[in-house]
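So the chains spell out like this:
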Amino acid sequence: MDWTNHSPPLRLDSLVDDLVEVWHLHRTPILFAVLAVLCATRVYLHINNEKTELAVFPKLYQEPEKVAIEEKTSVVKTEPEPKRDVKPQGPRRIKGGLVRKPSKSPDNEMDLSRPVLVLVFFSSVTTKSEKIAQEYIKSLETSVDQLAKQSGRSFLKPQLRDLTEIDFDDYFIAPSKVHGDVDQVYLFLIPSYNIDSINDTFLEHLQETHHDFRIDTAPLSPLLGYSVFGFGDKENWPTEPEGFCFQAKDIDKWMAKLTGRKRAYPVGMGDMKSDHVERLEEWAKGVQEVIGYVARTGSLGEGLPGSGAPDESDVEEEAEDEDDGEVLFDDEQNENNKKKNTGTDLGDVEDLGRLIQKDDGPTTTRKAPLAVDFTSYGSSAKKKIPVRGPKEMVAKDSPTYASLTKQGYAIVGSHSGVKTCRWTKSALRGRGSCYKFSFYGINSHQCMETTPSLSCSNKCVFCWRHGTNPVGTTWRWVVDPPDLIFDGVKLNHYKKIKMLRGMPGVRAERFAEAMQIRHCALSLVGEPIFYPYINEFLEMLHAERISSFLVCNAQHPDQLAALKAVTQLYVSIDAADKESLRKIDRPLHRDFWERFQRCLEILREKRFRHRTVFRLTLVKGFNVEEEAEGYAKLVEKGLPCFVEVKGVTYCGTSTSSNAGLSMSNVPFYWEVCDFVKALEKRLQEKGLAYGIAAEHAHSCCILLASDRFKVDGKWHTTIDYKKFFELLEERGVDGDWKPEDYMGEATPEWATWGNGGFDPRDDRVDRKGRKIEAS
C-alpha cells in the first residue's frame, strides 16, 4: 500500500499544545464561566436548605467552629439543626465579685422540705469554753425541737465540732456533705488568745480560702446563715481595739466574705470574769429567733448590707452607714451630679473647716426630693372646690408618700411616720450616742424617732426634710386613731431595727436591748402637737413605760396649753426677733410672732409641771452675731428648765440653697461655744440662775441649765425615768408633782462642760471607720 498519499497521524504533543494555546487565548472568560457556575450552584443549594460538602469551594468566611460543625453534617437532614452558642475566640475573661441572682428568682428559692442542721464550732485551750459549748448544745437541742413545732420544718440534732479535731476543708471550702442534703447554720463559740492556738490556724485557712482563685467567690453561700460569739478577758484587754474578743470578730469578718454576707446575728461578746453568761443568753435567744425565721421562710429576710442575700452588698467594711457624723449631705442626686461632684462628705463637725473654704467656688446642683405644699394660704385667687370630705394627708399614691419612703420613712396610716435615726445605728455599733444620752441618759439604740403628724406650719431654711412633708395652718385631713398610730410606729421601728441585724460592727447586747423601746422622740418631721389626739398617744407611750420628748415650733399655743404629761417638752427658738424668725422659720401663719410669744408664756406657766427646754438652732449669718441679748430676753420670758444650743446641720440640697443657706452658714464648734458663754454671761447679768451644764461636741450641742437642777455643786441633768412613771401612775397627769421630783443622778463627768461629752464606752471613728485617737 502506498502511504505517501495519506496525512500523518495526530500526535499527543500537538493536542496539548493546541489546548495550551486555547487556554492562553481564552482563560479569562473560562475562569469567569466556571466561577459563575459554582456561584449558581451555591445559591441553588442555599435556597433549598441543603447541606453538602463543597470541597472545592469552602466557606472561608466562616468561623472555624461553624466550618467544623458543617463538615460533620450529613447531606440529608429531616430535622433542622438546633442553634448552638458560639464561644468567642481568644483568652477567657475572668470577672471577680459575687455571682448575683435576683433574690426572688426561682433558681434562688430555698427548698423548705429539706431538714435544718445547726453546727456549733468551738475552740478551747483551758477547757472553759468547751464546757460552755457542751452546755449550749444541750439547750440548743431543746430549742430546735420548739422551732420544729413552730415552723413545721424538720430539724436534725445539733452537732458540736471542736476546731482542733476537724478537717477545715470538709466544712469551710463548701458546706459539709456528711449529713446529706440538708440546710445548715454555722455557729461559733470562740475565745480569743494572745498565744498561738487553733484560732490562728483557722483564721489563716479562712483567709486563704477567700483569696484562692481556684475556689468560687462566697463558697459557703449555700448556708442559711452564721453567727459568732466571742469570749474575752477585759482585765487583760480592756477595750475592743486592744484585743478584747478580737479573734471572734476576725472570724465574723471572714465568714461574712465566704458566705456572701449571710450574718444571721451580730457577733456577741462576753467577759469570762463578769457578764459572759448574760451576754451568751442574749445572743442565744437572738440566734434562736433568726433560725426560726429562716426555717419558715428560707432566707434571712430584708436587711442592710451584711445580711440576707449576697446581692445586698459588695463591701463589708463601711458602705452601709453613711450617717455616723453629725453633718449630713443629701444623697438624692442623679448620676451626672455624682460624676461631677468632687466634694467630700463630712464625718464630724470638726471637719467643717477644711470644706468651708470651698464654699465660694463653683457649686454643683444637687437633686432634692420633690417638695409638695398642700397649703392654699396666701393665694390671690381662691377657687371654690366642692366639699367631698377630708382627704388623706399622705396618700399612698401621692408623690409625697413616694418621696418620704425613698428617704427611709415608714408611713403609718395616712399622716404619721417613723424612721431610724443615724445615732441608733451608731450606738448599735459602739460608735457614739446622741447628745440625749450625754445630757439626759437616754440610750440611742432604744430610742424611737416618730411623729403622729407629718404636716408642719413652718418651712424652715435649715429643715433637713427638704420640704417633702405637707404644710398647713389648720388640720383638714383624715384623722387616724391613736392606737393605730401607736401600734404601727412600733411595728415599723422594730422592722427597721431587725434590718440592722447583719450590719458589720453591731454589738449583740445592744441589738438585744434595741428590741425594747424605752424612749420616743416626737421630733421627726412635721408638728407632733398638731395631731388632735396627741394626749391619748402620749398616754399609750407612758402605759408601756416609754418616755417622751416632744418638740413643737411655738406656733400652736392652744394645743400647747392643752398638753398633758410629757417627760420633756421642747420649743424651738430659732430667732430672737420677729424679722429673723420670719426669715429662718418661714412660718405660714400671719400672726406667727404673736403665736410665738404666747407659747413662751405658756411654757413659763408649765415650768413647774414639765421639764421645759428651749431649743436654739444657730444659723451663721441669721441668728448668731450679737443675738445673745435677744435670746436672753426670750429665756427671761419663758424661764425654761434647760436651754439647748446647737449649730445648724447643713443638708446640701438645692432646697437649702434656694432658701439662701450654704456651708458658710454652719458655725464652727468654737463659735457655738463663744455664743453660749456670751448667753450665760448675759443671763447672769439679768439675775437669772443659769449655767453651762453639759456638752456634746460631736453634735455641736451645748446645754445650759437652771440652778434648780444643781445639787451640792453638781449638775443633775439626767432623768430618773422609773420615778417619772411611778409619779404618773400614783398621781396621774393632773397630779401635784414637778420636774425636780424625777431628777436623776449627777451628770456624768465626761459629759460636763469642758469634757467633750462623748460616751467613753464607745470609739469615735471617721467616715472610713478608722478610729479617731483622743487628742
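Just so you know, these numbers come straight off a predicted model, no measurement behind them.

## Section: the confidence of the model for the protein chain
Interpretation of this model should avoid reading the predicted coordinates in detail wherever pLDDT is low. Across the protein chain, the average pLDDT comes to 78, with 75% of residues at 70 or higher. In this model, residues 94–108 is a region of pLDDT below 50 whose contacts with residues beyond four sequence positions or in other chains number 18 contacts.

## Structural notes on the environment of I584
Structurally, the position occupied by I584 is in helix 17 (residues 578–585). In this structure, the C-alpha to C-alpha distance between I584 and D574, residues 10 residues apart in sequence, is 7.1 Å.

## Brief notes about the pairing of strand 3 (residues 183–191)
The element strand 3 is largely enclosed, with a buried count of 9 among its 9 residues. By the alternation rule, side chains of strand 3 split into D183, V185, L187, L189 and P191 and Q184, Y186, F188 and I190, which are all buried. As paired elements, strand 3 and strand 4 (residues 225–232) share 7 bridges and run parallel to each other. Along strand 4, the bridge assignment pairs F188 with V228.

## Quick notes on a nonpolar patch on the surface
On the surface, a cluster of nonpolar side chains totalling about 420 Å² of accessible area is made up of W23, I30, L31, V34 and L38. Assignment of secondary structure puts L31 in helix 1 (residues 12–47). Here L31 falls in the exposed class, since its relative accessible area comes to 52%.

## What about the sheet that holds strand 7 (residues 416–419)?
Within a sheet, neighbouring strands are paired by backbone hydrogen bonds and run either parallel or antiparallel to one another. Strands sit in the order 6-7-8-9-10-11-12-13-15-14 across an open sheet of 10 strands; the sheet is mixed. Taken across any chain shown, the strands that pair with only one partner, and hence form the sheet edges, are strand 6 (410–412) and strand 14 (690–696). In this sheet, neighbouring strand axes are inclined to one another by 25 degrees on average, regardless of whether the strands run parallel or antiparallel. As paired strands, strand 12 (residues 612–618) and strand 13 (residues 642–647) are joined by 6 bridges and run parallel to one another. The partner of L616 across the bridge, within strand 13, is V645.

## Details of the environment of L688
Residue position: L688 is located in the loop between helix 21 (669–685) and strand 14. Excluding anything up to four places from it in sequence, L688 contacts A632, E636, L639 and L683.

## Here's the deal with the sheet that holds strand 3
The 5 strands lie next to each other as 2-1-3-4-5, forming an open sheet whose pairing is parallel. Each edge of the sheet is formed by a strand with only one pairing partner; in this case those strands are strand 2 (159–162) and strand 5 (268–271). Averaged over all pairs of adjacent strands, the angle between their axes in this sheet comes to 20 degrees, without regard to strand direction. Sheet strands touched by helix 7 (residues 276–297): strand 1 (116–122), strand 3, strand 4 and strand 5. Its angle to strand 4, the strand with the most contacts, is close to 180 degrees.

## Focus on the pattern of salt bridges
Applying the stated criterion across every chain yields a total of 28 salt bridges. We note a salt bridge from E544 to K490, for which the minimum N-O separation is 3.0 Å. On the criterion of sequence distance, the pair formed by E544 in the loop between helix 15 (534–543) and strand 10 (547–552) and K490 in helix 13 (residues 482–498) is long-range, its members being 54 residues apart. Close ionic contact of K637 with E601 constitutes a salt bridge, the shortest N to O distance being 3.8 Å. Separated by 36 residues along the polypeptide, K637 in helix 19 (residues 628–638) and E601 in helix 18 (residues 592–606) bring together distant segments of the chain. Owing to a relative accessible area of 33%, E601 belongs among the partly exposed residues under this scheme. Through salt bridges with shared partners, one network takes in E629, E636, R682, E685 and K686.

Rules used throughout
Along each chain, numbering runs from 1 in the same order as the chain's sequence is written. For this predicted model, a pLDDT threshold of at least 70 governs which residues receive local features, and a threshold of 80 or more governs which side-chain atom pairs are given and counted, while totals over whole chains, interfaces and linings are taken from all residues. The side-chain figures draw on all heavy atoms in the structure; neither hydrogens nor water molecules are used. Per residue, pLDDT captures the predictor's confidence, and it can take any value from 0 to 100. Two residues form a contact once any of their heavy atoms are found within 4.5 Å. Labels follow the DSSP assignment, with helices taken as runs of H or I lasting at least four residues and strands as runs of E lasting at least two, numbered in each case from the N terminus. Each residue is placed in one exposure class: buried if its accessible area under a 1.4 Å probe, protein chains only, is under 20% of its type's maximum, exposed if it is over 50%, and partly exposed if it falls in between. A pair of strands counts as paired when DSSP detects no fewer than two bridges linking them. Only residues above 30% relative accessible area that lack a salt bridge enter a patch, with like-charged residues linked at up to 9 Å and the nonpolar side chains Val, Leu, Ile, Met, Phe, Trp and Tyr linked at up to 5 Å. Each accessible area is a Shrake-Rupley result for a 1.4 Å probe, and residues are judged covered by the shown protein chains and nothing else. Salt bridge criterion: a side-chain nitrogen from Lys or Arg within 4 Å of a carboxyl oxygen from Asp or Glu. The axes are straight lines fitted to the C-alpha atoms, using for helices just the contacting stretch, and the angles between their N-to-C directions are given from 0 to 180°.

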